[in-house]
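What follows is each chain in one-letter form.
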Amino acid sequence: MRLSPFLVPLILIFIPTFLGSVFAISPLKTDTLEPGQQLRDWEQLMSAGGIFTLGFFTPKESSTFELGSAGLRYLGIWPQRSPFNPVWVGNPTESISDSSGSLSIDVNGVLKITQANAFPILVNQRLAGQLSLVGNVSATLLDSGNFVVREIGPRGVSGRVLWQSFDHPTNTLLPGMKIGFNLRTKKEVSVTSWISDQVPLPGAFRLGLDPSGANQLLVWRHGEIYWSSGILTNNGSSHLTLELSRSYIDYEFKFDSDKYMKYFSYSIKKANSSVLSSWFLDTLGQITVTNVLSSNKSTNYISEISEPCKTDLKNSSAVCITEKPTACRKGSEYFEPRRGYMMENKKGYFNSYYVDSLSSGLSDCHQNCWRNCSCIAFQAFSSNGCQYWGKGSKFVPYDSFTSNLITYVLDSVK
């Protein structure tokens with residue numbers, strides 16, 4: 001297995017009406033949402049220590065995002081002062097078409113996104129009608145990045161946790177978050193990649209706990225094991241790349257179980273400065289471990305990538321996804337991104353653009369082209385589809401090509 005750690009230490013200077021509510025609108029606390037309040041599209045909650053922010057955003061290319069932007073909108077959580085991706089999305093399968101969305105919580109603890117001319121979106125719909133409450137409720141964004149719905153007792157004392165975002169991870173694992181097996185629901189809790197940088201629908205890859213009981217993590221690609229961390233201890237792992245960050249911090253890995261869950265979690269045990277950490281599963285099945293170390297003098301940004309890809313790529317920008325050898329692919333071939341367009345003849349163009357409900361973005365387009373011996377190039381659309389070109393087609397390079405689409409061309413094609 002090939003490991004290609006990407007280590008980048010950097011010094012950074014951080015320079016509508018609410019539908020269906022019977023409550024009067026009252027001002028928001030900085031970190032808490034209560035019944036009768038709404039968080040509108042242009043507003044955010046900020047955790048007490050200013051570490052994390054919750055609000056609405058629009059995903060953009062290259063894993064960036066915008067707050068006040070046209071386009072599909074999502075409820076998310078992101079670090080306040082670092083170049084992270086959103087670490088959690090509340091409505092990954094149901095986008096908001098414009099900036100009319102607002103978040104509220106009702107007296108039963110149900111989080112709801114209302115929007116103009118559309119049905120409400122329930123963020124924690126499993127909670128509805130399942131609990132008998134004896135007090136008030138509120139939803140608070142914690143400095144850990146966890147968004148927690150709690151019962152509030154007399155004198156404002158926090159009671160039991162009714163729901164928390166940490167139990168519903170998307171594509172990022174944070175310290176204190178648990179992945180594994182819920183012993184009550186008999187369901188797996190795992191981190192799942194997005195379809196693309198612009199579409200947070202569940203993608204092809206999933207990071208979770210090894211069901212065999214071994215103290216290791218696995219990445220699955222549509223149910224098949226794609227990568228293994230190897231046995232993970234506090235002293236290290238054979239396949240998870242953490243060498244650079246271990247020079248600054250000590251990780252504590254925990255494989256354990258309680259009456260609710262069998263799980264893995266990690267924490268930062270020791271560091272010389274404040275640390276903001278995350279493990280991000282990208283659209284190609286790679287795990288990026290990012291740590292932001294802050295002190296009074298500077299902020300250091302350290303990123304390390306564990307790549308399941310085994311191919312010895314001659315082009316560092318090529319798509320690195322491990323595929324099984326076929327009758328026509330030995331395993332050493334690769335598709336490289338090029339800017340330009342394909343010229344096809346009647347025989348060369350064997351499949352036009354289509355939307356496939358089983359497709360999960362770039363990785364599936366890559367796999368489909370890999371398995372078809374006639375395929376020499378493809379494009380992946382963020383709207384969940386692929387376009388392919390066959391033998392006989394010709395790539396025409398054009399650096400000034402205005403389209404944002406990249407064509408992925410087999411390395412042997414000139």
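The rules behind these values
Each chain has its residues counted from 1, running along the sequence as written. Per-residue local features are limited, in this predicted model, to residues with pLDDT of at least 70; the limit for side-chain atom pairs, both in listing and counting, is 80 or more; totals at the level of whole chains, interfaces and linings are taken over all residues. Side-chain measures were taken over the full set of non-hydrogen atoms in the model, leaving aside hydrogen atoms and water. Strands are runs of DSSP state E lasting at least two residues, helices are runs of H or I lasting at least four, and both sets are numbered from the N terminus onward. Buried, partly exposed and exposed residues are distinguished by accessible area as a fraction of the type maximum, computed with a 1.4 Å probe on protein chains only: under 20%, between the cut-offs, and over 50%, respectively. Under the convention used here, a 1.4 Å probe and the Shrake-Rupley method define accessible areas, while residue burial counts only the protein chains that appear. Joining through side-chain atoms within 4.5 Å is the link that ties buried Ala, Val, Leu, Ile, Met, Phe, Trp, Tyr and Cys residues into a set, and such a set is a nonpolar core. What makes two residues a contact is simply this: any of their non-hydrogen atoms within 4.5 Å. Whenever a pair of cysteine sulfur atoms sits within 2.5 Å, that pair is classed as a disulfide. The rule for a salt bridge is simple: a side-chain nitrogen of Lys or Arg has to be within 4 Å of a carboxyl oxygen of Asp or Glu. By definition, two strands form a pair when at least two bridges between them are found by DSSP. Candidate patch residues must exceed 30% relative accessible area and have no salt bridge, after which like charges are joined if within 9 Å and Val, Leu, Ile, Met, Phe, Trp or Tyr side chains if within 5 Å. By convention, a stacked pair of Phe, Tyr or Trp rings (six-membered ring in the case of Trp) has centres within 6.5 Å and planes under 30 degrees apart, an edge-to-face pair has planes over 60 apart, and any other such pair is tilted. Working rule: Lys NZ or Arg CZ, within 6 Å of ring centre, within 35 degrees of ring normal, means a charge sits over the ring. Any pair of N or O atoms that falls within 3.5 Å is considered a polar contact. Within protein, one atom must be able to donate a hydrogen and the other to accept it, and sequence-neighbouring residues count only if both atoms are side-chain atoms.

Caption draft 1: Focus on the overall build of the protein. Scanning the protein from N- to C-terminus turns up one helix and 33 strands. With 414 residues in all, the protein has 49% of them scored as buried. Element-wise, carbon and sulfur atoms account for 51% of the exposed surface of the protein, whose accessible area totals about 20100 Å².

Caption draft 2: Summary view of the nonpolar core. Residues Leu54, Leu103, Leu111, Phe147, Phe264 and Trp279 are the most contacted members of the largest nonpolar core, which totals 77 residues. In terms of residues, this core owes the most to one element, strand 30 (residues 375-381), which gives five residues. The residues touching phenylalanine 147, leaving out its near neighbours within four places in the chain, are Leu45, Leu54, Ile77, Leu103, Leu111, Ala139, Thr140, Leu141, Trp163, Gln164 and Ser165. Phe57, Tyr74, Trp78 and Trp194 belong to the second largest nonpolar core, which has five residues in total.

Caption draft 3: Geometry of the state of the cysteines. Inspection of the entire model under this criterion finds three disulfides. Paired by a disulfide, cysteine 328 and cysteine 373 hold their sulfur atoms 2.1 Å apart. Here cysteine 328 and cysteine 373 share a disulfide; its torsion about the S-S bond, -95°, makes the bridge left-handed. Here cysteine 328, found in the loop between strand 26 (299-306) and strand 27 (335-338), pairs with cysteine 373, found in the loop between helix 1 (362-371) and strand 30; they are 45 residues apart in sequence, far enough to count as distant.

Caption draft 4: Representation of the pattern of salt bridges in the model. Summed over the entire model, instances satisfying the criterion amount to eight salt bridges. With its nearest N and O atoms 2.5 Å apart, the salt bridge here joins arginine 206 to glutamate 188. Of this pair, arginine 206 sits in strand 19 (residues 199-209) while glutamate 188 sits in strand 17 (residues 187-189), placing them 18 residues apart in sequence. The class of arginine 206 is partly exposed, set by a relative accessible area of 21%.

Caption draft 5: Up close: the sheet that holds strand 14 (residues 158-164). Taken together, the four strands give an open sheet; going across it, the order is 2-12-13-14, and neighbouring strands pair in antiparallel fashion. In this open sheet, the two edge strands, each paired with only one partner strand, are strand 2 (32-33) and strand 14. Relative to strand 13 (residues 147-152), strand 12 (residues 136-141) runs antiparallel, the two sharing six bridges. Among the inter-strand pairings, threonine 140 is bridged to a residue of strand 13, identified as valine 148.

Caption draft 6: Quick peek at the pairing of strand 7 (residues 74-79). Among the six residues in strand 7, six count as buried, and that is most of the element. Looking at chain direction, strand 7 and strand 8 (residues 88-89) are connected through two bridges and run antiparallel. Across the sheet, glycine 76 pairs through a bridge with valine 89, a residue of strand 8.

Caption draft 7: Representation of the sheet that holds strand 3 (residues 39-40). Here we have four strands laid out as an open sheet, ordered 3-9-10-11, and antiparallel in their pairing. A strand with exactly one partner marks an edge of an open sheet, and here the two such strands are strand 3 and strand 11 (121-122). Both strand 3 and strand 9 (residues 102-105) contribute to a ladder of two bridges, which runs antiparallel. Residue leucine 39 lies in a different strand from strand 9, and its bridge partner there is leucine 103.

Caption draft 8: Quick look at the environment of threonine 233. Among the secondary structure elements, threonine 233 is positioned in the loop between strand 21 (224-228) and strand 22 (249-257). Owing to a relative accessible area of 34%, threonine 233 belongs among the partly exposed residues under this scheme. Once the C-alpha coordinates of threonine 233 and tyrosine 251 are considered, the two residues, 18 residues apart in sequence, prove to be 9.4 Å apart. Once residues within four sequence positions are removed from consideration, threonine 233 is found in contact with Arg246 and Phe253.

Caption draft 9: Fine view of the side chain of threonine 140. Residue position: threonine 140 is located in strand 12. Look at threonine 140 and you get buried, because its relative accessible area is 17%. Apart from residues no more than four positions distant in its own chain, threonine 140 is found in contact with Asp31, Thr32, Asn146, Phe147 and Val148.

Caption draft 10: Main features of a nonpolar patch on the surface. Judged by side-chain polarity, Tyr341, Met343 and Tyr398 come together as a nonpolar surface patch covering roughly 310 Å² of accessible area. Note on placement: methionine 343 falls in strand 28 (residues 340-343). Residue classification places methionine 343 among the partly exposed residues on the basis of a relative accessible area of 47%.

Caption draft 11: Highlighting the packing of aromatic side chains. Taken as a whole and judged by the stated rule, the model has 13 aromatic pairs. Relative to phenylalanine 378, the ring of phenylalanine 335 lies with its centre 5.3 Å away and its plane at 65°, an arrangement referred to as edge-to-face. Here phenylalanine 335, found in strand 27, pairs with phenylalanine 378, found in strand 30; they are 43 residues apart in sequence, far enough to count as distant. The class of phenylalanine 335 is buried, set by a relative accessible area of 0%. Put simply, the rings of Tyr251, Phe253, Phe255, Phe264, Tyr266 and Trp279 touch in pairs and so form one group of aromatic residues. Here the guanidinium or amino end of lysine 178 rests over the ring plane of tyrosine 263, the centre of that ring lying 4.2 Å away. The ring of tryptophan 370 is capped by arginine 329, whose NZ or CZ atom sits 5.9 Å from the centre of that ring.

Caption draft 12: Highlighting the side chain of glutamine 37. If you trace the backbone, glutamine 37 turns up in the loop between strand 2 and strand 3. One polar contact links the side chain of glutamine 37 to the main-chain amide nitrogen of glutamate 34, over a distance of 2.8 Å.

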